[in-house]
Amino acid sequence: MINPLAKELNDTLKGSVVDGLFSDMGERLYFPNGIISQGGEAAKDAKVANGTIGMAVANGTPIELDSYKKIMPDLNSRETVAYAKTAGNPDLRKLWQEKIIEKNPDLKTKKISLPVLVPGLTAALSYVADLFVDTDKPLLAADPCWDNYELIASARRGAIFHQFKCFDNGKFNLADLEAKMKEDAEKYGSVRVILNFPQNPSGYSPTKDEAKVIVKIVKNIAEAGKKVIVLSDDAYFGLNYENDIEPQSLFAYMADLHENVLAIKADGPTKEDFAWGFRAGFITFASKGLNDKQIDALTIKFMSAIRSSVSCSSTPSQSIVLHALKDPAHDAQKKELRAMLQRRYDAVRKFVNTHTSSVLTPLPFNSGYFMSFEVKTGNAEDIRKKLLSEKSIGIIQIDANTLRVAFSSIDEDKIEEVYSAIYNIAEAM
């Protein structure tokens, strides 16, 4: 039985792009009129005393142990030990929205939701799957892809997880992407595709021309009367090393592409701003046909996924990110680290362009943290194990035919040694 609050949200979204796209869980989710909402009311109006939220407070301020305070002396207790709001710090959400628009100028004239903060991008993707993926609503992703996509879709949501072949003859495989999306549209009546650029594990981002074709593929399916969810996993956004790469997120083009397209952007400072352990990510929604009430209803649905799992994200992480983003030196420091990654990329690019292997073929790469090899003969896992045991070098086996190397974690002066070892071990197998 659906809770009346869930029904109210569903009714608000009736007739919108979201109508019919929800999973079984998405239909049921609602934000309870309980502790959080009543505590919010009390925070505004309880002038004498506020006995709503389970925190220890003295003189209107959350208490804080000195052992914590001395570690974070520049932050007050509301920025460290107090509970965060379910959707995240409002100031940080607003600032991140401004940053998204700044980095994607095509969004300046488009309506997007206020980003919702979650504990990391994995949580962002998992909650999206909670809302929109289930046994008869499959998820489409690239092959190869990050292994967590399948874990989220299949193991958690019991959904079909299938893939389009990411590359063909050394180029991004637009034809297979289109074919698989059209198959889903016909078989299931709607499409749920996750596009991760820069991609993990290949380290590839589409060129400007390829991005235009991707947008056209989506638009054609939408114009044919099928609903499409395009989830842009932008974890590594902006880490581009070649001039022909599309500089904006696909979300910028999907946001008002068609009334049948629901655009979702997952991003955050985790990889972009080199803050991996902070576990802070964001989800942003947009669609040409969504009005303000419907965007609010969809946001509340998403908040209920957070509330029913982790309740809220870590307060110190949010506070630190907010202060860092406001620091005038922040962007300059990012630029320095991105220049370091550019140098590592250039060294890897030089090596693979000047060396050949009968066993390994580099997959296309031009961005992000990684590059990958297709293993043409033998087994990727055998190469990985031998490289580790004989050379003390660690890389990742994605599947039987794919090896991933995170050049982001290899010092520039070791790249020649590492890649020479990879090629030599592969040839000796």
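See the structure printed just above.
Cut-offs used in this document
- Residues numbered from 1 in each chain as written.
- Predicted model: local features only at pLDDT ≥ 70, side-chain atom pairs only at ≥ 80, totals over all residues.
- Heavy atoms only, no water.
- Pairing = 2+ DSSP bridges.
- Helix = DSSP H or I, 4+ residues; strand = E, 2+ residues; numbered from the N terminus.
- Right-handed = clockwise from strand over helix to strand, strands pointing away.
- Contact = heavy atoms within 4.5 Å.
- Patch = residues over 30% accessible without salt bridge, like charges linked within 9 Å, V, L, I, M, F, W, Y side chains within 5 Å.
- Areas by Shrake-Rupley, 256 points an atom, 1.4 Å probe, with all protein chains shown as cover.
- Salt bridge = Lys/Arg side-chain N within 4 Å of Asp/Glu carboxyl O.
- Expected span 1.5 Å × (residues − 1).
- Buried < 20%, exposed > 50% of the residue type's maximum accessible area, 1.4 Å probe, protein only.
- 1 Å grid on protein atoms, 1.4 Å probe; cavity = no way out; pocket = protein on both sides within 12 Å on 5 of 7 lines; lining within 4 Å.
- Points joined across faces, edges and corners; volume = space filled by probe spheres on them.
- Nonpolar A, V, L, I, M, F, W, Y, C, P; charged D, E, K, R; others polar.
- Axes fitted to C-alpha atoms, helices over the stretch in contact; angles between N-to-C directions.

Participant: What should I look at first to understand the pairing of strand 5 (residues 161-165) in this one?
Facilitator: Along a regular strand, successive side chains alternate from one face of the sheet to the other. Bridge analysis of strand 4 (residues 139-143) against strand 5 gives five bridges, and the strand direction is parallel. Residue pairing across strands places Asp143 opposite Lys165, the latter belonging to strand 5. With helix 7 (residues 147-156) bridging strand 4 and the parallel strand 5, this β-α-β connection has right-handed handedness.

Participant: I tried to follow the environment of Val352 on my own but got confused; where do I start?
Facilitator: Following the sequence through the fold, Val352 ends up in helix 14 (residues 330-354). Sequence spacing of Val352 and Val321 is 31 residues, and the spatial spacing of their C-alpha atoms is 37 Å. With sequence-adjacent residues up to four places away left out, Val352 is seen in contact with Pro362, Phe365, Met371, Phe373 and Tyr423.

Participant: Explain a nonpolar patch on the surface to me, please; I cannot follow it from the model alone.
Facilitator: The grouping of Leu65, Tyr68 and Val81 at the surface amounts to a nonpolar patch, some 280 Å² of accessible area in total. Here Val81 is to be found in the loop between helix 4 (66-69) and helix 5 (90-103).

Participant: Mind showing me how you'd approach helix 14 here?
Facilitator: For an α-helix, 3.6 residues make a turn, and residues three or four places apart therefore share a direction. Here helix 14 is 25 residues long and its end C-alpha atoms lie 37 Å apart, about the 36 Å a rise of 1.5 Å per residue gives. The complete set of buried residues in helix 14 reads His330, Lys334, Leu341, Arg344, Tyr345, Val348, Phe351 and Val352. Looking at the buried side of helix 14, the elements it contacts are helix 11 (269-272), helix 13 (315-326), strand 12 (360-362), strand 13 (371-375) and helix 16 (415-428).

Participant: I'm lost on empty space enclosed by the protein in this one. Help?
Facilitator: It is the rolling of a water-molecule-sized probe over the atoms that shows where space remains empty. One pass over the full model with this rule turns up three cavities of 30 Å³ or more. As a volume, the largest cavity reaches approximately 130 Å³. Here the residues of the lining of the largest cavity are counted per class, giving eight nonpolar, six polar and two charged. Here the second largest cavity defines a volume of roughly 110 Å³.

Participant: In this structure, what is going on with the layout of surface pockets? I would like to understand it.
Facilitator: Approximately 410 Å³ is the volume found for the second largest pocket. Contributing to the lining of the second largest pocket are 19 residues, with Gly238, Asp331, Lys334, Lys335 and Arg338 lying nearest its centre. For the lining of the second largest pocket, the elements supplying multiple residues, two or more each, are helix 5 and helix 14. Looking at which element gives the most residues to the lining of the second largest pocket, the answer is helix 14, with seven residues.

Participant: What is the right way to read the sheet that holds strand 15 (residues 402-405) from this model?
Facilitator: The strand order across the open sheet formed by four strands is 12-13-15-14, and the pairing between neighbours is antiparallel. Taken across any chain shown, the strands that pair with only one partner, and hence form the sheet edges, are strand 12 and strand 14 (396-399). Averaged over all pairs of adjacent strands, the angle between strand axes in this sheet comes to 30 degrees, irrespective of strand direction. Two elements, strand 13 and strand 15, share four bridges in a ladder whose sense is antiparallel. Of the residues in strand 15, the one forming a bridge with Glu374 is Thr402.

Participant: Where do I start with unusual backbone geometry in this structure?
Facilitator: Working note: non-glycine residues mostly have negative phi, and peptide bonds are mostly trans. The omega torsion across Asp143 and Pro144 is 10 degrees, close enough to zero to call that bond cis. Locating Pro144 in the fold gives a position in the loop between strand 4 and helix 7. Going from Phe197 to Pro198, the amide bond is cis rather than trans, its omega being -15 degrees. Relative to the helices and strands, Pro198 resides in the loop between strand 8 (190-196) and helix 9 (208-223). Phi at Phe274 is positive, roughly 60 degrees, even though this residue is not glycine. If you trace the backbone, Phe274 turns up in the loop between helix 11 and strand 11 (281-286).

Keep in mind these numbers describe shape, not what the thing actually does.
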